[in-house]
Amino acid sequence: MSRIHNNASTTQPIQPSEAFSADSICLARGRSTSDGDPLVGPIAQSTTFCRSGVGTNPEHQYSRVSNPSVAALEELLGNLEDALPAACFGTGLAAESALFLALLKSGDHVVCARGVYGGTTRLLQQLLNELGIETTFVDATNTDEIRAAVQSNTKLLFIETPANPTLGITDIAACSTIAKEAAALLAVDNTFLTPILQRPLDHGADISVYSTTKFIDGHSVALGGALVTNDQTILDRIRFIRKCTGAIQSPFNAWLTLNGLKTLPLRIRAQSTTATTIANWLAENQDIQSVFHPALAQGQAKAIADRQHIGLHGAVVSFEIKGDYQAACRFVEALNLCTLVEHVGSVETLITHPASMTHADVPRDQRQAVGISDTLLRLSVGLETTDEIIADIQQALQAANAHTAEASAEPTAESCREVANV
Ligand SMILES: Cc1ncc(COP(=O)(O)O)c(C=O)c1O
């Protein structure tokens, strides 16, 4: 249960309220009890805000620094983790960039999980290293490996759990202990589970990281990122970096995200329930090489998932089909209901081929080292019926197999669609 500090899109707070569940918090913003107020809060689509005289200090002055619509989203995202108001950004990667700039300087060292979003790897490996910030990538499902990678100049541990896209589980509390011993900070990319299914700060993380572009918006209409912390010094530093670099989210995207958030609890629970059924179905299918979903975890990984996750294990399922790169391409092209995109977290079922899409910038040997084979596919389960999604996968597997049986020559290049790496 959290407290709602509910800001309207004006600078006046709405009624202070009782403690509410996450479900109610997501619906709270924009609610007003005043006569004639709109049920849905308006967008503060203004770059700047007026002053009554010289020397006044209104809460919002210029939208690169703060904006009422963005502030409303920040309040709500903070409430979902019983934290300070979030800092919202134009994209998830803008949030990560601000995090790194806020906490690191030349000569510092980062320990980062190998199983993170490919863009995070690219940022650390191809940009931050040029600024003199070195990163060691580790198998974060192995706590000993994380501990061994820590150096005297390590300032940050960065993990994503479940991992992207192989869905390995990392023990947040164990990482927090390692970080504290090293006087470093722990940041957790919680994009896949959202605060509805996992609250990293509860397990000792210092910062929760979000691409709100994914499940939090949920409708594929608004880019955004957010950083959530309970440490005022860290938050102030992050906001300073955001002001310097101009990476704040637009008011319109914050407003769209607030509307998407209203159904986040319902969406992510329904999508996760379907994902669990599909993961179990895939695990029984003879055309499937392997399946990855936290609901299938065993032993210690299962114990950690059960402790960290709130009831369900997320809507992303990864699996490898039997065959080669071309077989994976034929499979995704034969799908009718599931759509091939570089994205997760929407209401529609989406599929990604990480080797050629999200992780194309990660060198092949590194991809293989974290289990991203040429036939790995990442399914982001939507709100269609379970039976219809399974039927679509089934018929695409059959189509891919039929083609394999017929093909006598090497598959041609055009059997594999060129996809851009973002
Ligand atoms: C887990 C994760 N974190 C961060 C990002 C980056 O977010 P954005 O695309 O909003 O910059 C993504 C994007 O796919 C992601 O999947």
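Residues numbered from 1 in each chain as written. Predicted model: local features only at pLDDT ≥ 70, side-chain atom pairs only at ≥ 80, totals over all residues.

### Comments concerning the pairing of strand 9 (residues 225–229)
Phase 1 of the analysis: The buried fraction of strand 9 amounts to five of the five residues, a majority that puts the element mostly inside the structure.
Phase 2 of the analysis: Along strand 9, one buried face is formed by Gly 225, Leu 227 and Thr 229 and the opposite face, lined by Ala 226 and Val 228, is buried too.
Phase 3 of the analysis: Where strand 3 (residues 87–89) and strand 9 come together, three bridges link them in antiparallel fashion. What sits directly across from Cys 88, in strand 9, is Ala 226. (Buried ≥ 20, exposed ≤ 12 C-beta atoms within 10 Å, placed from the backbone. Helix = DSSP H or I, 4+ residues; strand = E, 2+ residues; numbered from the N terminus. Pairing = 2+ DSSP bridges.)

### Topic: the confidence of the model for the protein chain
Phase 1 of the analysis: Of the residues in the protein chain, 90% have a pLDDT of 70 or more, and the chain-wide mean is 90.
Phase 2 of the analysis: Note that pLDDT drops below 50 for residues 1–17; the model gives that stretch 50 contacts with residues more than four away or on any other chain.
Phase 3 of the analysis: Ignoring residues within four places in sequence, the model shows residues 408–420, a span with pLDDT below 50, making ten contacts including any to other chains. (pLDDT = per-residue confidence, 0-100. Contact = placed C-beta atoms within 7 Å.)

### Observations regarding the domain arrangement of the protein chain
Phase 1 of the analysis: Segmenting the protein chain into domains produces domain 1 (22–261) and domain 2 (265–409).
Phase 2 of the analysis: Placing a centre on the C-alpha atoms of domain 1 and another on those of domain 2 gives a separation of 27 Å.
Phase 3 of the analysis: On the domain 2 side, the residues contacting the 29 residues of domain 1 number 34 residues.
Phase 4 of the analysis: Residue assignment for the side of domain 1 that touches domain 2 shows that the elements contributing at least two residues are helix 1 (22–28), helix 4 (118–127) and helix 7 (194–197).
Phase 5 of the analysis: Of the residues in the side of domain 1 that touches domain 2, the class split is 13 nonpolar, eleven polar and five charged. (Domains from an automatic or database assignment. Nonpolar A, V, L, I, M, F, W, Y, C, P; charged D, E, K, R; others polar.)

### Some details on the environment of Ser 272
Phase 1 of the analysis: Take Ser 272: it is sitting in helix 10 (residues 264–283).
Phase 2 of the analysis: Sequence-wise, Ser 272 and His 313 are 41 residues apart; in three dimensions their C-alpha atoms are separated by 6.4 Å.
Phase 3 of the analysis: If we skip the residues at most four places from it in the chain, Ser 272 touches Leu 197, Leu 312, His 313, Gly 314 and Ala 315.

### Quick notes on the site of the ligand
Phase 1 of the analysis: Near the ligand you find 15 residues, and of these Thr 91, Gly 92, Tyr 117, Ser 211 and Thr 213 are the closest.
Phase 2 of the analysis: Here the residues of the shell around the ligand are counted per class, giving four nonpolar, eight polar and three charged. (Near = placed C-beta within 6 Å.)

### Digging into the sheet that holds strand 6 (residues 154–160)
Phase 1 of the analysis: One open sheet holds the seven strands; their spatial order is 3-9-8-7-6-4-5, and the pairing between them is mixed. Two strands lie at the open edges of the sheet, namely strand 3 and strand 5 (134–138), each paired on one side alone. Going from strand to strand, the sheet's axes swing by 20 degrees on average, the running direction of each strand aside.
Phase 2 of the analysis: Both strand 6 and strand 7 (residues 185–189) contribute to a ladder of five bridges, which runs parallel. Bridge pairing in strand 7 links Leu 157 to Leu 186.
Phase 3 of the analysis: Packed onto the sheet, helix 6 (residues 172–181) meets strand 6 and strand 7 and runs at close to 155 degrees relative to strand 7. (Axes fitted to C-alpha atoms, helices over the stretch in contact; angles between N-to-C directions.)

### Let's talk about the environment of Asn 259
Phase 1 of the analysis: Among the secondary structure elements, Asn 259 is positioned in helix 9 (residues 251–261).
Phase 2 of the analysis: According to the C-beta neighbour criterion, Asn 259 is partly exposed, with 17 such atoms within 10 Å.
Phase 3 of the analysis: Through-space distance from the C-alpha of Asn 259 to that of Val 291 is 33 Å; in sequence the pair is 32 residues apart.

### Structural notes on the packing of helix 2 (residues 68–80) against helix 9
Phase 1 of the analysis: The N-to-C vectors of helix 2 and helix 9 enclose an angle of 35 degrees; their axes lie 8 Å apart at closest approach. Every pair of crossing elements has a handedness; the one defined by helix 2 and helix 9 is left-handed. Seen from helix 2, the contacting residues are Ser 69, Val 70, Ala 72, Leu 73 and Leu 76; seen from helix 9, they are Pro 251, Ala 254, Trp 255, Thr 257, Leu 258 and Leu 261.
Phase 2 of the analysis: Looking at side-chain class alone, the contact of helix 2 with helix 9 contains nine nonpolar, two polar and no charged residues. (Left-handed = near helix turned anticlockwise from the far one by under 90°.)

### Some words on helix 9
Phase 1 of the analysis: Most of helix 9 sits inside the fold, with nine of its eleven residues counted as buried.
Phase 2 of the analysis: Regarding helix 9, the residues found buried are Pro 251, Asn 253, Ala 254, Trp 255, Leu 256, Thr 257, Leu 258, Gly 260 and Leu 261.
Phase 3 of the analysis: The elements touched by buried residues of helix 9 are helix 1, helix 2, strand 3 and helix 10.

### Some details on the sheet that holds strand 12 (residues 339–340)
Sheets are built from strands that pair by backbone hydrogen bonding, the pairs being arranged parallel or antiparallel.
Phase 1 of the analysis: Strand order in the open sheet formed by five strands is 10-11-14-13-12, with mixed pairing between adjacent strands. The sheet terminates laterally at strand 10 (288–292) and strand 12, the two strands that pair on one side only.
Phase 2 of the analysis: Where strand 13 (residues 350–352) and strand 14 (residues 376–380) come together, three bridges link them in antiparallel fashion. Bridged to Thr 352 within strand 14 is Arg 378.
Phase 3 of the analysis: Helix 10 rests against strand 10 and strand 11 (316–321) of the sheet, and its axis sits at about 15 degrees to strand 11.
Phase 4 of the analysis: Against the sheet, helix 12 (residues 325–334) contacts strand 11, strand 12, strand 13 and strand 14, and its axis sits at roughly 130 degrees relative to strand 11.

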